[in-house]
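Residue strings, one per chain:
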Amino acid sequence: MSNGFGPNPWHQTNWDFRAAFNFMFGSAGAGLLVAAALSGASGNALRAEMLLGMGLIGAGLISVWFEIGRPLRAMNVGFNPFTSWMTRESFAAGLVFVLGLAAVWFASQPLALAAALAALVFAYCQGRILQAAKGIPAWRVPALIWLVFTTALAEGAGLFVALVALFHTPARGALGYFSLALVARALAWSMYRGGAAKIVVRAASALLERSGKILIQFGTIAPLALLLAGWFAPDVARIAVLLAGVAALATGWQFKFTLITRAAYNQGFSLPHLPVRGTR
């Protein structure tokens, strides 16, 4: 592979681990807000989960802000709501913070649900940001939008049940939602894999295939098996749920880190007729 411009694909260097952290932390935070709101949590439990979810979203945004060579230019992101998914992401994040902080202050479930809706928009915007980068074949696959969206739900649900399992066994409704999120993410990966196989360059394809196997084996099959084991063995249910939640979160993060920092190859230039010196 070439390290510079040319007919062969080369690895992009504009987005590094700091950009990856935005998608890792932000999606998990958005998913946690959704899981917390749907769980019916109240009081201090709701407050803690909402604060953690917003904290993760904030950490992701701060991380990508540090990546900007001239951080003051970050203000420009608010000026293009009709053309930029980054602008829409920032607007959604602002709405999440306003509604989320209100939900924390009043310990209000309706406000938590409203913040969760804004978090869903935030997660969707993150998928559109990547898919809009047409120069990176691994990112422009249309199914990537739903893979990013569903992995946000799976990561957030995994984090939620893991936190609850530290104190008591999560309710069956929360575990059911977690299971559905895992299955949805696996289906989204299958769709993405099929689309990526047609356009992704060889080096990126190998990385994505390896990362995808981890996502399915350790991020889907293993957590579902642990949940099933906890169902039949109540004595180990909390440990099983904790491990399942951590696995769902960790594998989602490793996939996005690979997608953004390692599999982000440009497609290279198309030069069907190379010039030859001394000829016309």
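Scroll up for the structure.
Because the structure is a prediction, the values reported are computed rather than measured. (Residues numbered from 1 in each chain as written. Predicted model: local features only at pLDDT ≥ 70, side-chain atom pairs only at ≥ 80, totals over all residues. Heavy atoms only, no water.)

## Considerations on a nonpolar patch on the surface
To keep it simple, the criterion reads: Think of a patch as exposed residues, more than 30% relative accessible area, with no salt bridge, where like charges cluster within 9 Å and nonpolar side chains (Val, Leu, Ile, Met, Phe, Trp, Tyr) cluster within 5 Å. Residue exposure ignores everything except the shown protein chains as possible cover, and the areas themselves are Shrake-Rupley values with a 1.4 Å probe. One speaks of a salt bridge when a side-chain nitrogen belonging to Lys or Arg is within 4 Å of a carboxyl oxygen belonging to Asp or Glu. Put simply, DSSP H or I for four residues or longer makes a helix, DSSP E for two residues or longer makes a strand, and each gets a number counted from the N terminus.
Together, Leu228, Trp231 and Phe232 make up a nonpolar patch on the protein surface, roughly 400 Å² of accessible area in all. Mapped onto the fold, Phe232 is located in helix H7 (residues 202-232).

## Overview of the pattern of salt bridges
Going by this rule: Type-normalised accessible area, obtained with a 1.4 Å probe on protein chains alone, sets the label of each residue: buried when under 20%, exposed when over 50%, and partly exposed for intermediate values.
Taken as a whole and assessed by the stated rule, the structure comprises three salt bridges. Here Arg193 ties to Glu209 by a salt bridge, and the two come within 2.5 Å at their closest N and O atoms. Placement of the pair is Arg193 in helix H6 (residues 172-199) and Glu209 in helix H7, with a sequence separation of 16 residues. Assessed through its relative accessible area of 42%, Arg193 is described here as partly exposed.

## Examining the environment of Lys198
Tracing the backbone through its elements, the reader meets Lys198 in helix H6. Measuring from C-alpha to C-alpha, the distance between Lys198 and Pro137 comes to 9.5 Å, with 61 residues separating the pair along the chain.

## Focus on the environment of Ala114
Topologically, Ala114 is positioned in helix H4 (residues 109-131). When its relative accessible area of 24% is taken as the criterion, Ala114 is described as partly exposed. When the C-alpha positions of Ala114 and Leu99 are compared, they lie 6.7 Å apart, and in sequence the two are 15 residues distant.

## Describing the packing of helix H5 (residues 144-165) against H6
Rules: Every angle, taken between N-to-C directions, lies between 0 and 180 degrees, and every axis is a line fitted to C-alpha atoms, over only the stretch in contact when it is a helix. These descriptions rest on fixed angle ranges, namely under 35 degrees for roughly parallel, over 145 for roughly antiparallel, 65 to 115 for roughly perpendicular, and the rest for oblique. Each crossing gets its handedness from the near helix: less than a right angle anticlockwise from the far helix is left-handed, clockwise is right-handed. Every residue pair with non-hydrogen atoms within 4.5 Å of one another is taken to be in contact.
It is at 8 Å that the axes of H5 and H6 come closest, and there the two elements cross at 155°. The orientation of H5 with respect to H6, classified from their angle, is roughly antiparallel. Crossing handedness for the pair H5 and H6: left-handed. Residues Leu144, Trp146, Leu147, Thr150, Thr151, Leu153, Ala154, Glu155, Ala157, Gly158, Phe160 and Val161 of H5 form the contact with H6, whose participating residues are Ala174, Leu175, Tyr177, Phe178, Ala181, Leu182, Ala184, Arg185, Ala188, Trp189 and Tyr192.

## Concerning the side chain of Glu49
Applicable threshold: We count Lys and Arg on the positive side and Asp and Glu on the negative side, and we leave His and both chain ends out.
Inspection of the secondary structure puts Glu49 in helix H2 (residues 43-67). The buried charged residue Glu49 lacks any salt bridge partner; its closest oppositely charged side chain belongs to Arg47, at an N-O distance of 11 Å. Aside from chain neighbours lying at most four places away, what touches Glu49 is Leu32, Leu33, Ala36, Ala41, Phe160 and Val164.

## Some thoughts on H7
Heads up, the rule is: In this analysis, the expected span of each helix is defined as 1.5 Å times one less than the number of residues it contains. The angle between axes fitted to the seven-residue stretch ending at a residue and the seven-residue stretch beginning at it gives the bend at that residue.
Under the 1.5 Å per step criterion, the end-to-end length of H7 is 44 Å for 31 residues, consistent within 8% with the ideal 45 Å. Within H7, the axis deviates most sharply at Ala222, by approximately 30°, and proline Pro223 lies no more than four positions further along. Taken together, the buried positions of H7 are occupied by Ala204, Leu207, Leu208, Ser211, Gly212, Leu215, Gly219, Thr220, Pro223, Leu227 and Gly230. On its buried face, H7 sits against H6 and helix H8 (237-261).

## A closer look at the nonpolar core
Going by this rule: To form a nonpolar core, buried Ala, Val, Leu, Ile, Met, Phe, Trp, Tyr and Cys residues must be joined to one another through side-chain atoms within 4.5 Å.
Counting residues in hydrophobic clusters, the biggest one holds 77 residues, and the most contacted among them are Met50, Trp139, Tyr192 and Leu259. For this core, the secondary-structure elements that each account for two or more residues are helix H1 (17-39), H2, helix H3 (85-106), H4, H5, H6, H7 and H8. Element by element, the count of residues in this core is highest for H5, at 13 residues. Aside from chain neighbours lying at most four places away, what touches Tyr192 is Ala138, Val141, Ala143, Leu144, Leu147, Leu208, Phe255 and Leu259.

## What to know about the packing of aromatic side chains
Put simply, the test is: Working definition: rings of Phe, Tyr and Trp (its six-membered ring) pair if their centres are within 6.5 Å, and the pair is stacked with planes under 30 degrees apart, edge-to-face with planes over 60 apart, and tilted otherwise.
If you walk through the whole model with that rule in mind, you get eight aromatic pairs. Aromatic pair Trp146 and Phe149: ring centres 5.9 Å apart, planes at 85°, arrangement edge-to-face. Of this pair, Trp146 and Phe149 both sit in helix H5, three residues apart, which is roughly one turn of the helix. By relative accessible area, which is 43% here, Trp146 ends up partly exposed. Relative to Phe255, the ring of Tyr192 lies with its centre 6.5 Å away and its plane at 90°, an arrangement referred to as edge-to-face. With a gap of 63 residues between them, Tyr192 in helix H6 and Phe255 in helix H8 connect regions that are remote in the sequence. The same class applies to Tyr192 and to Phe255, which are both buried. A network of ring pairs unites the aromatic residues Phe17, Phe21, Phe25 and Trp253 as a single cluster.

## Section: the environment of Met54
For Met54, the position within the fold is in helix H2. For the pair Met54 and Phe97, spaced 43 residues apart in the sequence, the C-alpha separation amounts to 6.6 Å. Look past the residues within four positions of Met54 in its chain and what remains in contact with it is Leu33, Val96, Phe97, Gly100, Leu101 and Val104.

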